[in-house]
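Summary of structural features
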Amino acid sequence: MSADGDTVPSGPPGIQFAGPPDARLVFSGPPQRLTGTIPLINTSTDKQKLRSLAVTAGSLQGPAQLPIQEVPFSAKLYPGEQAAVPGIISLAGKTAPGTYQIEVTVGDKSLPATVHVTEVVDLFIEPTELTILAGSASSYTRQFVAENRGNTELALGARCEAPIFDSFDLTTSLVIGLHKADKSSVAEMVKGFLTEWSELQAGTLVVKRKPMILHPGQRVLTDVEFELPAGLKPFRHYHANLQLYNAVLSVDIYTTKKIGSGSTLKTELSRRNKDE
């Protein structure tokens, strides 16, 4: 009798494969979570537990990138009980998408199994948040770490774009628009609001980098150039969200000068004081 009260048979295991003789098991999913179901039966007169399965998987590797010989598997059956028990096979995360043939041993029977590995797109970037303190220059360069954590090659092109928005929310835009509008008629007031609202989209952020193919598991350090549109107003906060595959970069832009101008912060403050 084992320590947990379950009988450990001295002969062949009591849990056996319950499917037809010509059955083929099927597991599918991303590399680290291939799921399948195995029909089992307890042929003994005692409660039995199965904690692992022997596997012959050829060149396939496990999460630690070592050959697979055994996989965890949990089944507990009472005498004569049958069950379709779900199981999981975990492979190395960079296992290429495709179909593979392996062999799984259940009790005293070796069973052929087909493994369908699906494509996983997983781009990691660091940092995920960027702040640009923008003066009169229109271009700023920052360094990023990019890592392909999926199992398929990722093409990183030379350019992408995203809209830039003023940080004013809709309510603030409404108040400013109404304040600036000609209040002689409702139509003019609505026109003022809509005009101010339309200006919340302040242009396009252009992102440039060296084009590359990022292979599964590859990690690189790369320079990225951010080009701001001309005409961003001084003393304002703008933001943009850039998405490349599943990776999202949040960009905050704080302007101290008009983009593309040669004016200094001191000059802008002086001009604003005069206007007031």
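Look a little higher up for the structure.
These notes cover the structure that comes with them. Just so you know, these numbers come straight off a predicted model, no measurement behind them. (Residues numbered from 1 in each chain as written. Predicted model: local features only at pLDDT ≥ 70, side-chain atom pairs only at ≥ 80, totals over all residues. Heavy atoms only, no water.)

So, on to the overall build of the protein chain. On a plain count of helices and strands, the protein chain comes out with three helices and 18 strands. Taken across its 276 residues, the protein chain has 34% of its residues classed as buried. Long-range contacts, defined as pairs at least 24 residues apart, comprise 69% of the intrachain contacts of the protein chain with a sequence gap of at least 6. Working note: accessible area of the protein chain is about 15600 Å², and carbon and sulfur atoms make up 54% of it. (Helix = DSSP H or I, 4+ residues; strand = E, 2+ residues; numbered from the N terminus. Buried < 20%, exposed > 50% of the residue type's maximum accessible area, 1.4 Å probe, protein only. Contact = heavy atoms within 4.5 Å. Areas by Shrake-Rupley, 256 points an atom, 1.4 Å probe, with all protein chains shown as cover.)

The next thing to look at is the nonpolar core. Counting 28 residues, the largest nonpolar core has Ile 38, Leu 40 and Ile 102 as its most contacted members. Elements with a contribution of two residues or more to this core: β1 (15-17), β2 (25-29), β3 (34-42), β4 (48-56), β5 (70-77), β6 (82-89), β7 (98-106) and β8 (109-117). Residues within four places of Ile 102 in sequence aside, it is in contact with Val 55, Thr 56, Ala 57, Leu 60, Ile 89, Leu 111, Pro 112, Ala 113 and Val 115. With 27 residues, the next largest nonpolar core counts Ala 134, Leu 154, Tyr 238 and Val 251 among its residues. (Core = buried A, V, L, I, M, F, W, Y, C linked by side-chain atoms within 4.5 Å.)

Among the structural elements, Leu 50 can be located in strand β4. Since its relative accessible area comes to 16%, Leu 50 is described here as buried. Measuring from C-alpha to C-alpha, the distance between Leu 50 and Gly 107 comes to 9.4 Å, with 57 residues separating the pair along the chain. The residues touching Leu 50, leaving out its near neighbours within four places in the chain, are Ile 15, Leu 40, Phe 73, Ser 74 and Ala 75.

Per the stated rule, a full pass over the model turns up three cavities of 30 Å³ or more. In this structure, the largest cavity encloses a volume near 270 Å³. Put simply, the parts of the chain that give the lining of the largest cavity at least two residues each are β9 (123-126), β11 (139-148), β14 (201-209), β16 (219-227), β17 (237-244) and β18 (247-255). Split by residue class, the lining of the largest cavity holds 15 nonpolar, two polar and two charged. Space inside the second largest cavity adds up to approximately 40 Å³. Lining the second largest cavity are Phe 27, Ile 38, Leu 53, Val 55, Val 71, Phe 73, Gly 87, Ile 88, Ile 89 and Val 104. For the lining of the second largest cavity, the elements supplying multiple residues, two or more each, are β4, β5 and β6. With three residues, β6 is the single largest residue contributor to the lining of the second largest cavity. Of the residues contributing to the lining of the second largest cavity, the split by class is nine nonpolar, one polar and no charged. (1 Å grid on protein atoms, 1.4 Å probe; cavity = no way out; pocket = protein on both sides within 12 Å on 5 of 7 lines; lining within 4 Å. Points joined across faces, edges and corners; volume = space filled by probe spheres on them. Nonpolar A, V, L, I, M, F, W, Y, C, P; charged D, E, K, R; others polar.)

This next bit is on the packing of aromatic side chains. The relative placement of two aromatic rings is captured by the distance of their centres and the angle of their planes. Under the counting rule described, the total for this entry stands at one aromatic pair. A centroid spacing of 6.0 Å and a plane angle of 50° characterise the contact between Phe 144 and Phe 226, whose relative ring orientation is tilted. Here Phe 144 is found in strand β11, whereas its partner Phe 226 is found in strand β16, with 82 residues between them in sequence. Like Phe 226, Phe 144 is buried. A cation sits over an aromatic face here: Arg 149 above Phe 124, 3.9 Å from the ring centre. (Phe/Tyr/Trp six-rings, centres within 6.5 Å; stacked < 30°, edge-to-face > 60°. Lys NZ or Arg CZ within 6 Å of the ring centre and 35° of its normal.)

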